[in-house]
Amino acid sequence: MSMVQRRILFLLLMLLGAVVLLGGRLAYLQLWQNEFYQAKALEQRLQRIPIEGLRGGIYDRSGVPLAVSVSAHTVYAIPAEVEDAEATAQKLAAILSLDEEFILQRLQKHSAVEWLKKKITDEDARAVITARLPGIGVVPSSTRIYPYGSVAPQVLGFVGIDNQGLEGLELYYDDFLRGTPGETIFERDAQGRALEDGVRGYLPGQRGGDLILTIDIFIQRIAEEEVRRATLETGSRLGLILVSDPQTGEILATAIYPSFDLENFADYPAANRKNIAVTDTYEPGSTFKAVTAALALEEGVATLQSGFFDPGYIRVSGWNVRCWNRGGHGPQSFVETMQNSCNPYYAKLAIDLGPERFYDGLVRFNLGHKTGIDFPGEMAGILRAPSPSIPLVTWANMGFGQGLTVTPVQLLACFGAIANKGIYTPLHYVKELVTEEGSFPPDIPEARQVIAAEIAETTAYVLRMAVERGSGKRAEVPGYDVAGKTGTAQLVEHGRYSHSKMVTSFAGFAPKDDPKMAALLVLWEPQGAFYGGIIASPVFARLAEKVLTYLGVERKATSRVSQVRQVIVPDVGGLDVEEAAALLRRQQFRVEVVGPGTRVIGQVPAPKAEVDVGSLVYIYTDLESGEEVEAAADQPSPYGA
């Protein structure tokens, strides 16, 4: 065989080999991979338009609908199928109340699908369908409505145009509420136009789950009215009322003023939409003495038999920690220190506990850490661990609620533990998550014992005395034994305590022996009379009376015939302190002056109240320039930095 013949044979063999390989590859694609490429080709020809799944509802604890989704419609365009863009834009603009130029720009895009308007009414949807505009279609969607108006708007939060949760519980439980989207499908040609005999399909979206909240709509409405009234009457910048069931940790109400309208949330400042009970911290002031007292009793550094002499201040590491009563309270029992809200004594308790034991006890109460509440944006507060860089005076101040910060839910949970025999139960907003398959509870931390039951009962008794005989007297509710504590603390500005801006509060629970409610009222920057005993206690009394009555809690019998002559308390508001005291003493009242000012801004009992002759009357004075309330006098930094 010649060289030429060998070359021809070699080329022939190569050609045959190539044909065999190509044939084998073709057979593989046509036979074994047929279904795969058929599906891929079909997918390229299919146009998918997503359809929202109906968002789950949010209900109060009794099943009252607070936020639900109802059917709406969304208008879309397939630009390749639009025959006359200008005429179509003109007709749609009239139906949908949109700008004609905006629609025209969408119709002229080289995209597969363009959304024109979401969440339109049934009437507008019918008008679009009746118009029979080529390339224009309507698919189902939904919109959020609020059957009872804006109930607890900072808690519920709201959703965006695409059915996504943006704030509040709508955001926290978004994956659960949103549901599964569906889609509508049609087959199209290379220009994007629907094939008349092509594949068409419709898969509806699946509904999301429902939330059953711990909120009670009636208690929420009561709290909203009381916080609005208290904030406006006191000229406060901001007000909060938080109500819970101390035995379960369920939040019954969260009311914040100023508030906002869920239907028009974009019209309000972002600050109005914050749930400050969870997302903001503050110095609790004297309400925190309940926690210090509980830890001191638990650790054995104090008992009900402990006594203390208050000269008006206590010296700590070269600093004077002063009492709000500059002259001091003199000799006091343990119970009287709480009644008198004696700062030096609670500073002493913190020192006696020592930084390590005090810090460990506060951590047991979950301070300085997030509680795990089912709500986005929770803050942990400031609680610095013991360190040589933190002076002892900082720990002393923490004994009466300054030098650390807490969220309102943290503080109310502490009072809930005292009310509930020492069992700390994290607060939460959701009672039950409901799906078609069944329901299940929220994922929240478990309850735990933080102080002994007998210590909690003793602390509750001390707090009861603070209301019955102390500065919280105006929180008393006939027939219900209220236990609680007032607080008046200075706001921190630029690392120092303000002399003019205060936070006033009251925290408590009732009835003492079988608590059905715990509540916290906080007013930021009240004007005029800012003492907690004057402006916070009465609000708690009104709130507790309404809530406990609504809950069906039986009142104790309180009517009894007094063997002492009854007299009417005169009104001394606005008088000079000396003049007011003299007037009261002439009418056989005992007098205690609260505050260092020269003019009376409030009194307890209230004017025209009927009391026993010889009763003690507290007269509250204004604050003189340069004076401080419930603060260490010369402390350069609130947090010991």
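For the structure, check the block above.
Here's a quick rundown of the structure. (Residues numbered from 1 in each chain as written. Predicted model: local features only at pLDDT ≥ 70, side-chain atom pairs only at ≥ 80, totals over all residues. Heavy atoms only, no water.)

### Some words on the overall build of the chain
In terms of helices and strands, the chain carries 19 helices and 26 strands. Across the 641 residues in the chain, those meeting the buried criterion constitute 52%. Sequence separation of 24 or more characterises 72% of the internal contacts of the chain that already satisfy a separation of 6 or more. Summed over its atoms, the accessible surface of the chain is roughly 28600 Å², and 53% of this surface lies on carbon and sulfur atoms. (Helix = DSSP H or I, 4+ residues; strand = E, 2+ residues; numbered from the N terminus. Buried < 20%, exposed > 50% of the residue type's maximum accessible area, 1.4 Å probe, protein only. Contact = heavy atoms within 4.5 Å. Areas by Shrake-Rupley, 256 points an atom, 1.4 Å probe, with all protein chains shown as cover.)

### So, the nonpolar core
Ranked by size, the top nonpolar core spans 100 residues in total, and within it Leu362, Phe365 and Tyr429 carry the most contacts. Core analysis: the next-biggest nonpolar cluster, separate from the first, contains 32 residues, Ala519, Leu521, Leu543 and Leu548 among them. (Core = buried A, V, L, I, M, F, W, Y, C linked by side-chain atoms within 4.5 Å.)

### Description of a nonpolar patch on the surface
Judged by side-chain polarity, Leu9, Leu12, Leu13, Leu15, Leu16 and Val19 come together as a nonpolar surface patch covering roughly 560 Å² of accessible area. The residue Leu13 is located in helix H1 (residues 3-32) in this model. What makes Leu13 exposed here is its relative accessible area of 52%. (Patch = residues over 30% accessible without salt bridge, like charges linked within 9 Å, V, L, I, M, F, W, Y side chains within 5 Å. Salt bridge = Lys/Arg side-chain N within 4 Å of Asp/Glu carboxyl O.)

### Quick notes on the pattern of salt bridges
Taken as a whole, this structure holds 28 salt bridges when the rule is applied. Ionic pairing is found between Arg106 and Glu114, a salt bridge with its closest N-O pair at 3.6 Å. Overall, the relative accessible area of 22% leaves Arg106 in the partly exposed class. In this structure Glu114 comes out as buried when scored by relative accessible area, which is 11%. Linking Asp280 and Lys274 is a salt bridge whose minimum nitrogen-to-oxygen distance equals 2.9 Å. For Lys274, a relative accessible area of 37% translates into the label partly exposed. Through salt bridges with shared partners, one network takes in Arg464, Glu468, Arg469, Glu476, Asp481 and Lys556.

### Some thoughts on the pairing of strand S3 (residues 65-77)
Of all 13 residues in S3, 10 are buried, a share of seventy percent or more. Pairing of strand S2 (residues 58-59) with S3, which is carried by 2 bridges, proceeds in the antiparallel orientation. Bridge assignment links Ile58 to a residue of S3, and that residue is Ala67. The antiparallel pairing of S2 with S3 creates a hairpin that spans 5 residues between the two strands, and Gly63 there sits at a positive phi of about 90 degrees. As paired elements, S3 and strand S5 (residues 136-145) share 10 bridges and run antiparallel to each other. Each residue of the ladder has a partner; that of Tyr76, found in S5, is Gly137. (Pairing = 2+ DSSP bridges.)

### Details of the packing of helix H15 (residues 408-419) against helix H16 (residues 453-468)
Remark: H15 packs on H16, axes separated minimally by 8 Å, with the N-to-C direction vectors making an angle of 110 degrees. Relative to H16, the element H15 is oriented roughly perpendicular. Between H15 and H16, the contacting residues are Phe415, Ala417 and Ile418 on the first element and Ala456, Thr459, Ala460 and Leu463 on the second. Among the residues forming the contact of H15 with H16, the class breakdown is 6 nonpolar, 1 polar and no charged. (Axes fitted to C-alpha atoms, helices over the stretch in contact; angles between N-to-C directions. Parallel < 35°, antiparallel > 145°, perpendicular 65-115°, else oblique. Nonpolar A, V, L, I, M, F, W, Y, C, P; charged D, E, K, R; others polar.)

### A few points about unusual backbone geometry
Backbone torsion omega between Tyr257 and Pro258 reads 5 degrees, so that peptide bond is classified as cis. Along the chain, Pro258 falls in the loop between strand S10 (250-257) and helix H10 (276-279). Pro511 follows Ala510 through a cis peptide bond whose omega is -15 degrees. Inspection of the secondary structure puts Pro511 in the loop between strand S20 (496-510) and strand S21 (517-524). Phi is positive for Ser341, close to 50 degrees, though the residue is something other than glycine.

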